[in-house]
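Here are the chains, one letter per residue:
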Amino acid sequence: MTAESGTAAAQSTRAADLSRALADLSARIDAACRAAGRDPGGVRLLPVTKFFPASDIEILYRLGRRDFGESREQEAAAKVASLGHLSQIRWHMIGRLQRNKAKSVARWAHTVYSVDSDRLATTLDAAAGLALQAGQREAPLRVLLQVSLDSDPSRGGVAPADLPALADLVARAENLQLAGLMAIPPLDRDPEPEFARLADLHADLLTRHAEATELSAGMSGDLEAAIRHGSTCVRVGTALMGARPITSG
Ligand SMILES: *Cc1c(COP(=O)(O)O)cnc(C)c1O
């Protein structure tokens, strides 16, 4: 924390800003649900706090938030360590995950949103098993499968054709719990048909894995379209926290 952001005055300004942004965002999500004929209780907001300091998470915790999304393992692990006193936090790993980070993530993450290969799933299963044995977690690791909507492997995500086999593997894994799907639509395309396609893939998954009810779609710029297409969890950074200092990741 810098000296400036640590001053009481700066913190209370930040608290007022975050409180207002949270109210605006909740109203926006409610309006999107009403427009889509959906119950607002069926869409959760996951605040994405990557690149923002732990002090912001403390403020949001005091405002009643318990779930936080992070996308970079090292940054997240540091925040987890410094916020241990906020005992009810659930941490969500939403970013791409390298297998060599699985051990750490399995210790702190409530849910991982970016599982896109058999190898990653198998590694996470083993890591979650170790964390359970060591008493570092109390429940299996919830897993969302990240689907690629543009067949560009560099952006992560499993190809739709490979989704059923990966879902079966995760559902069988002893220390993982298959919770649903996640996707990020390609930046250069109209998100509407992409979310429609994702909803079809989710419906198909549900016929074989009824427990996989979560559909995490929608961010600051496209949450209305995602809610129209059945999102149960919007992951919102910018519209809540403000602009990030850097945009990658
Ligand atoms: C950063 C990030 C978000 C939030 O994006 P905003 O456009 O800032 O709301 C959502 N999902 C993932 C996977 C992210 O990495």
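Residues numbered from 1 in each chain as written. Predicted model: local features only at pLDDT ≥ 70, side-chain atom pairs only at ≥ 80, totals over all residues. Heavy atoms only, no water.

### Quick look at the packing of aromatic side chains
So, point 1. Evaluation of the coordinates by the stated rule reveals 1 aromatic pair.
So, point 2. When the ring of F68 is compared with that of W91, the centres are 6.2 Å apart and the planes differ by 45°; the resulting orientation is tilted. Of this pair, F68 sits in strand β2 (residues 67–70) while W91 sits in strand β3 (residues 90–93), placing them 23 residues apart in sequence. Note on accessibility: F68 and W91 belong to one class, buried.
So, point 3. Looking at R66, its charged tip hangs above the ring of Y61, at a distance of 3.7 Å from the centre. (Phe/Tyr/Trp six-rings, centres within 6.5 Å; stacked < 30°, edge-to-face > 60°. Helix = DSSP H or I, 4+ residues; strand = E, 2+ residues; numbered from the N terminus. Buried < 20%, exposed > 50% of the residue type's maximum accessible area, 1.4 Å probe, protein only. Lys NZ or Arg CZ within 6 Å of the ring centre and 35° of its normal.)

### Observations concerning the UniProt feature "modified residue: N6-(pyridoxal phosphate)lysine" (unreviewed entry) in the protein chain
So, point 1. The UniProt record annotates "modified residue: N6-(pyridoxal phosphate)lysine" (unreviewed entry) at K50.
So, point 2. Given the relative accessible area of 11%, K50 is considered buried. (UniProt positions renumbered as here; feature names shortened; annotations may be inferred.)

### Things to note about the packing of helix α2 (residues 8–35) against helix α3 (residues 54–62)
So, point 1. The contact between α2 and α3 brings their axes to 10 Å, and the two run at 60°. As judged from the angle between their axes, α2 and α3 are oblique. In terms of crossing hand, the pair formed by α2 and α3 is right-handed. In this structure, α2 contributes Q11, R14, A15, L18 and L22 to the contact, and α3 contributes S55, D56, I59 and L60.
So, point 2. Looking at the contact of α2 with α3 residue by residue, the classes come out as 5 nonpolar, 2 polar and 2 charged. (Axes fitted to C-alpha atoms, helices over the stretch in contact; angles between N-to-C directions. Parallel < 35°, antiparallel > 145°, perpendicular 65-115°, else oblique. Left-handed = near helix turned anticlockwise from the far one by under 90°. Contact = heavy atoms within 4.5 Å. Nonpolar A, V, L, I, M, F, W, Y, C, P; charged D, E, K, R; others polar.)

### Considering the nonpolar core
So, point 1. Judged by nonpolar contacts, the single largest core of 65 residues is most densely connected at I29, V112, L124, L145, L181 and L198.
So, point 2. Ranked by residue count, the leading element in this core is α2, at 7 residues.
So, point 3. In contact with L198, not counting residues within four places along its chain, are V147, L149, L181, A183, L215 and A217.
So, point 4. Counting 8 residues, the second-largest nonpolar core is a separate cluster that includes V48, Y113, L144 and M182. (Core = buried A, V, L, I, M, F, W, Y, C linked by side-chain atoms within 4.5 Å.)

### Thoughts on the UniProt feature "domain: Alanine racemase N-terminal" (unreviewed entry) in the protein chain
So, point 1. According to UniProt, the positions carrying the feature "domain: Alanine racemase N-terminal" (unreviewed entry) are residues 27–245.
So, point 2. Here residues 27–245 runs as 41% helix and 18% strand, with 26 Å between its end C-alpha atoms.

### Digging into the pairing of strand β6 (residues 176–182)
So, point 1. Where burial is concerned, most of β6 is hidden: 6 out of the 7 residues are buried.
So, point 2. In this structure, strand β5 (residues 141–146) lies alongside β6, joined through 6 bridges in parallel fashion. When the sheet's bridge partners are listed, L145 is paired in β6 with L181.
So, point 3. Between the parallel elements β5 and β6, the chain passes through helix α7 (residues 163–172) in a crossover that is right-handed.
So, point 4. Sheet analysis places β6 next to strand β7 (residues 214–216), joined by 3 bridges and oriented parallel. Counterpart to L181 in the pairing with β7 is L215.
So, point 5. Between the parallel pair β6 and β7, the chain is carried across by helix α8 (residues 191–208), and the sense of this crossover is right-handed. (Pairing = 2+ DSSP bridges. Right-handed = clockwise from strand over helix to strand, strands pointing away.)

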